Structure formats: C-alpha cells, structure tokens
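# Residue-level structure breakdown
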Amino acid sequence: MSKRISIDPFNRIEGDLRLDIEFKENVVSEARSSGIMFRGFERIMSGKSPMDGLVITPRICGICSGSHSLAACKALTQALDPDVPVNALYMRNAILGTEVIMSHLSHFYFLFGPDLTNEAFKSHSGHEQIVSRMTSMTGTSVRAAIKARQSLLEIMGLLAGKWPNTLAIHPAGTTSTLNLSTKTRAMGILQEFQVFLQNHFLGCSLETWHDIVSLERLEEWLQRPEHQSSDLGLFLRLALETGLDRIGRGPNRYLSFGGYDLPDGRTWLPSGYYSGRMQALDQEHITEHIAASYFRDAFESRHPLNGVTNPIGEKTGAYSWAKAPRYQKETAEVGPLARLFIAGEPLITSLMQEIGPSVFTRMCARLREISLFTEQLLGWIQQIDPNQAFYSSASSRYASTGIGLIEAARGGLGHWISISSNLIQNYQIVTPSAWNLSPRDEQGAPGPVEEALTGTAVEDPENPVEVNLIIRSFDPCMSCTVH
Ligand code: NFE
Ligand code: MG
C-alpha cells in the first residue's frame, strides 16, 4: 500500500523546507525537497557596484554570513588582483573557522541532538542520559553548549568586529585588526572553549581524540567509560546500536572547493571531486539546471558565469525555488563528509571504507571538524603578527569576471560575478545546501537528500525518525539554498 506525506515546514533546520515523501509498505519510494520561498538576491545585485557584494550577499543568511562575505571577497580579489597581507589570510581563516565551529556546535546540540531523544530510541541503554543532556532548551549539555557558543561569539567579535554581517573582510585585507591584548584574549577564550570540548563533548583531550584514526581505534576508544558518557560517545553508541550507519547513503559523489589560504600559496584543505575516483576540481564543470525549478530560461542548464535568474510562479513539473547544481552533469554531496574525505582525513577515510556514507559517517565528519577546526584556529590566531599590516591598497579597476569558491560550514559555496563598466552585470551564487537539497534536473535525477531518503525503511510512519535524521544529517539551510 502506498502513502504520501508532506512535512511542511520541516523544523529544526535553517529556513523553509517542504518534504514530500511517498512510502510503499513503509519504505520511502520517492522524496522531493522544495525550497518554498523565493528571495531574489541575485536579482538585487545586478547594476550595483561590485563592492556591494561584500555588504549585500552576507544578508542571505544569518548563520553563514561570514562565508558569503569571504566568497564575495574572493570573487572581487580575482577581479582586482590586490596584494593581500599575510595577517589578512590568517584573520579570514580564523573568522571562517570560528563560523564553522559555531555552526557545527549549533547543529549538533540544537538541531540534530533533540532527534536522539526521540522515543523511538527509548530501549537504547543511553536513552535516559541522552534525554537529560539533549532535550531542546533544557538539556544540561544544550545549556553548556549555549555558553560555549557565547565564547566563540566573543572570539568572533575580536576577529570580525561584529557578526553576523561583518564588514571586516575586504579584497585587500581585513579592516579589523588584532593587537597584542586582543590576540591574547582571543587565544585565552579559545582555550576555555577547548575545556568545554574536552569535558563535555569528547571526554578526553583533543590530542587523544585526534589520535583515533580508524574505525577499529574508534571502537577501542568507545570501550572506556569516560568516552562512553561524553556527548560524542553517547551519540556514537546510539548511532551504531540503532543502525544510523546503515541509512542515508546519498549519491556517493563528493565535491569540495578546499580553502583556507596559507602564505605559501597552498591551502589547508584541498579541493577535489570524487566519483569512484578522486579528480582535480575544475569549476567549468559546474552547471545549474532548472527543469524542476520555478525559473524560466531558453536553456535547461548554464554555467554560473552565464547564469540567469528569472523566477516564474507557475511551471509544469516544477516544485522548488532552488536551482539544481550539477558537476559533470551529476549530483554531488558537499559538506564536512565531502571535504574531509577529499582531504584524506584518516578517521573519515576509514569510516568511508568500512561503513560507507550514512547518517553516522556524515555526522562523524561534522563532529570531527569541531575539534580539527579548533586546533587550526588556535594556530591561525597565533600566526597573526600585530606589528604587521592587515590591509593593503586595492586598484579600483575591475577585470570583467571574478570567481570566489570557498568551503562554508555546509560545504562548497561559489560566487560568480560578471562586471561591465565597473558595475555588476550578473551575480550568481551556488550555495552548499543548493547542492544537497537540490531538486530534480531534466534527466529526472534526484538531489542528494532526495536520493539519501529513497529506499529508507521507516519503522513507524507516524514517527518517521529515520527520515528526520537523514535530512538533518545534511544540516540544510534553505535561506542559503533559495537566496
Ligand atoms: Ni545559510 Fe550557508 C553555509 C552557505 S548553506 S548556512 O554553511 O553558503 O547553503
Ligand atoms: Mg544561485
């Protein structure tokens, strides 16, 4: 017997998402994810001064404004070719890194965590502990995480002046600076945050946790009582015991733009594309498709530099205000799992080999990044030299195009800008959640979340916790998706 449900809006994510799901005998036979609100940022941009990208695009989203700021900055950097002081590279890395940690922390404790308290898991041995820690608003760990996030916001204040919507990130550097006193303070607060991670989140030191480089070592680590009862340990136990390692596979193709520029021209994270084998990234292979999207155009797909954003309220076959990004005409998952797998991070590589993509693996990657980024953040702040420049001068003559590709918390973010007579002719944005929450294309190929849901057996369709966990494992942001 088949049954259809609509979840609208799907809660505890960012922005407005509708899910239409068809079940056949309690197995998801088809899923459609819809961005339900048109916003129009790309249309706002045309005719503006190119520098306005730094001010307007961060307003796309309240939780990843720094990411849009940096993507806009990088696109303008290509168009202006300024000298960027070393301090500015570290400041930008630190601002983006802080945003990523805040985002992952919020996701685990405020968005995803409450799902673990679902009564579907009440026979699990850690259930009572999880309920007392992770219940929305009142859980003890939720409260501790709110305080920990506050310390990250203080660091952000020191680095970026304000957040969201900092104006500190600029093609020629950063307009905020650190002096010896603010640098010392930022590092001190970060050390406090590390104490939270060690005492609540991990139950061990960051070093001990980073030494866990395989599934086998992870299982050994989970034997110790202090690890079993940390927030991470509780999640790992529940996930492995309830089969979250067997649901939510997705397309098994991954895209990462890499990033975090270093003074020698390298980046901390490599870019790449994985589809059965690792390949070098070439942004020329990116296209956006509109067959199932409420847009009108003479073409079904375009590269973002030639992208067109003509919204149309009614269209046969359309069900989302999001376009459908493709790489080499195929869907790709973006986010922590994609970027750590492409970077060859040992624990995630081992989980991909032993278990493969799943809710568990995807969450492990995001949670792994919390501590990996915290470690890097301390290093980046340490490298900032208050006696050196943070800003150089930039030319005001623009090249005709600029492309800014970065890794935001949720994955690869791209801004493509075309400039004519010193004004924006076209500004196209492809966000991480647009990749993951993509609707179908003209081939009918489902987006990554749609595909991850399809084939999932749901124990109780009245309480479809499997569906909720799969969707939230991607950490959707629909404000970004439909920009
Ligand atoms: Ni609105 Fe965003 C991030 C971007 S997701 S949160 O991370 O870009 O599409
Ligand atoms: Mg777009």
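Scroll up a little and you will see the structure.
Residues numbered from 1 in each chain as written. Chains lettered and ligands numbered in written order. Predicted model: local features only at pLDDT ≥ 70, side-chain atom pairs only at ≥ 80, totals over all residues. Heavy atoms only, no water.

### Here we look at the overall build of the protein chain
- Looking only at helices and strands, the protein chain has 18 helices and 16 strands in total.
- Here the C-alpha atoms of the protein chain give a radius of gyration of 22 Å, agreeing with the 23 Å that 2.2 N^0.38 yields for 483 residues.
- With respect to the principal axes defined by its C-alpha atoms, the protein chain has extents near 65 × 60 × 40 Å.
- Within the span of the protein chain, comprising 483 residues, buried residues form 61% of the whole.
- Put simply, of all contacts in the protein chain between residues at least 6 apart along the chain, 70% involve residues at least 24 apart.
- Accessible surface, the protein chain as shown: approximately 18,100 Å² in total, 47% of it carbon and sulfur.
- A gap of 5 Å separates the mean positions of the 42 positive and 51 negative side-chain charges of the protein chain. (Helix = DSSP H or I, 4+ residues; strand = E, 2+ residues; numbered from the N terminus. Rg over C-alpha atoms; globule rule 2.2 N^0.38 Å. Buried < 20%, exposed > 50% of the residue type's maximum accessible area, 1.4 Å probe, protein only. Contact = heavy atoms within 4.5 Å. Areas by Shrake-Rupley, 256 points an atom, 1.4 Å probe, with all protein chains shown as cover. Lys, Arg positive; Asp, Glu negative; His and termini not counted. Charge placed at Lys NZ, Arg CZ, Asp CG, Glu CD.)

### Topic: the pattern of salt bridges
- All told, the structure shown has 23 salt bridges when counted by the stated rule.
- Note that D20 and R18 form a salt bridge whose closest N and O atoms lie 3.0 Å from each other.
- Note on R18: relative accessible area 24%, which makes it partly exposed.
- Note that E42 and K323 form a salt bridge whose closest N and O atoms lie 3.9 Å from each other. Taken together, the residues E42 in helix 1 (residues 41-45) and K323 in the loop between strand 12 (301-302) and strand 13 (324-327) connect sequence positions 281 residues apart. (Salt bridge = Lys/Arg side-chain N within 4 Å of Asp/Glu carboxyl O.)

### A few points about the coordination of the nickel atom of ligand 1
- Coordination of the nickel atom of ligand 1 by the protein comes from C61 (SG), C477 (SG) and C480 (SG), over a distance range of 2.2 to 2.3 Å.
- For the nickel atom of ligand 1, the four donor atoms in the first shell make angles of 101 to 116° at the metal, so the coordination geometry reads as tetrahedral.
- On the primary sequence, the residues serving as donors to the nickel atom of ligand 1 are separated as C-x415-C-x2-C. (Donors = N, O, S within 2.8 Å, 3.2 Å for Na, K, Ca; no water. Tetrahedral: all angles 85-135°; square planar, octahedral: opposite > 155°, others 65-115°.)

### Section: the environment of Y294
- Locating Y294 in the fold gives a position in the loop between strand 11 (286-289) and strand 12.
- Accessibility expressed as a relative area gives 16% for Y294, which makes it buried.
- In this structure, the C-alpha to C-alpha distance between Y294 and N26, residues 268 residues apart in sequence, is 31 Å.
- Residues contacting Y294, with those up to four places away along its chain left out, are N310, P311, I312, G313, K315, A318, Y319, S320 and W321.

### Quick look at helix 3 (residues 65-80)
- The end-to-end C-alpha distance of helix 3, which contains 16 residues, comes to 22 Å, matching closely the 22 Å that a straight helix rising 1.5 Å per residue would cover.
- When you tally the buried positions in helix 3, you get 14 out of 16 residues, the bulk of the element.
- D81 lies just past helix 3 and shows a positive phi near 50°. (Expected span 1.5 Å × (residues − 1).)

### Some remarks on the environment of R366
- Within the secondary structure layout, R366 lies in helix 14 (residues 359-383).
- Accessibility expressed as a relative area gives 3% for R366, which makes it buried.
- Linking R366 and V100, residues 266 residues apart in sequence, is a C-alpha distance of 9.7 Å.
- Excluding its chain neighbours within four sequence positions, the residues that come into contact with R366 are H104, H107, P336, R472, S473, F474 and D475.

### Some details on the coordination of the magnesium ion (ligand 2)
- Protein coordination at the magnesium ion (ligand 2) comes from E42 (OE), I429 (O) and H483 (NE2), with a distance range of 2.0 to 2.2 Å.
- Each donor residue of the magnesium ion (ligand 2) lies on the same chain, and together they follow the pattern E-x386-I-x53-H. Here the residue E42 occupies a position in helix 1, and H483 occupies one in the segment after helix 18 (478-481), the gap between them amounting to 441 residues. When sorted by exposure, E42 lands in the same class as H483, which is buried.

### A short note on the nonpolar core
- Of all hydrophobic cores here, the largest spans 132 residues; its most connected members are L218 and I381.
- Sorting elements by how many residues they give to this core places helix 14 first, with 13 residues.
- In contact with L218, not counting residues within four places along its chain, are W209, I212, L236, L347, L351 and F360.
- Residues Y273, L405, V430 and W435 belong to the second largest nonpolar core, which totals twelve residues. (Core = buried A, V, L, I, M, F, W, Y, C linked by side-chain atoms within 4.5 Å.)

### Quick word on the sheet that holds strand 6 (residues 254-256)
- In space, the three strands of this open sheet follow the order 6-9-10, with antiparallel pairing throughout. Pairing within the sheet leaves two strands with one partner each, and these edge strands are strand 6 and strand 10 (278-279).
- As paired strands, strand 9 (residues 272-274) and strand 10 are joined by two bridges and run antiparallel to one another. In the sheet register, Y273 faces strand 10, and the bridge partner there is Q279. (Pairing = 2+ DSSP bridges.)

### Topic: a negative patch on the surface
- There is a patch of like negative charges on the surface, built from E216, E219, E220 and E354.
- Sorting elements by how many residues they give to the negative patch places helix 9 (residues 215-221) first, with three residues.
- With respect to the helices and strands, the residue E219 is situated in helix 9.
- Exposure remark for E219: the relative accessible area of 41% places this residue in the partly exposed category. (Patch = residues over 30% accessible without salt bridge, like charges linked within 9 Å, V, L, I, M, F, W, Y side chains within 5 Å.)

### Digging into the site of ligand 1
- Around ligand 1 lies a shell of 13 residues, among which C61, C64, S433, C477 and C480 are the nearest.
- One of the side-chain N or O atoms of H68 is found 3.3 Å from an oxygen atom in ligand 1.
- A distance of 3.3 Å separates an oxygen atom of ligand 1 from a polar atom in the backbone of A409.
- Of the residues that constitute the shell around ligand 1, the class distribution is nine nonpolar, three polar and one charged. (Near = heavy atom within 4 Å. Polar contact = N/O pair within 3.5 Å; in protein donor to acceptor, adjacent residues only side chain to side chain. Nonpolar A, V, L, I, M, F, W, Y, C, P; charged D, E, K, R; others polar.)

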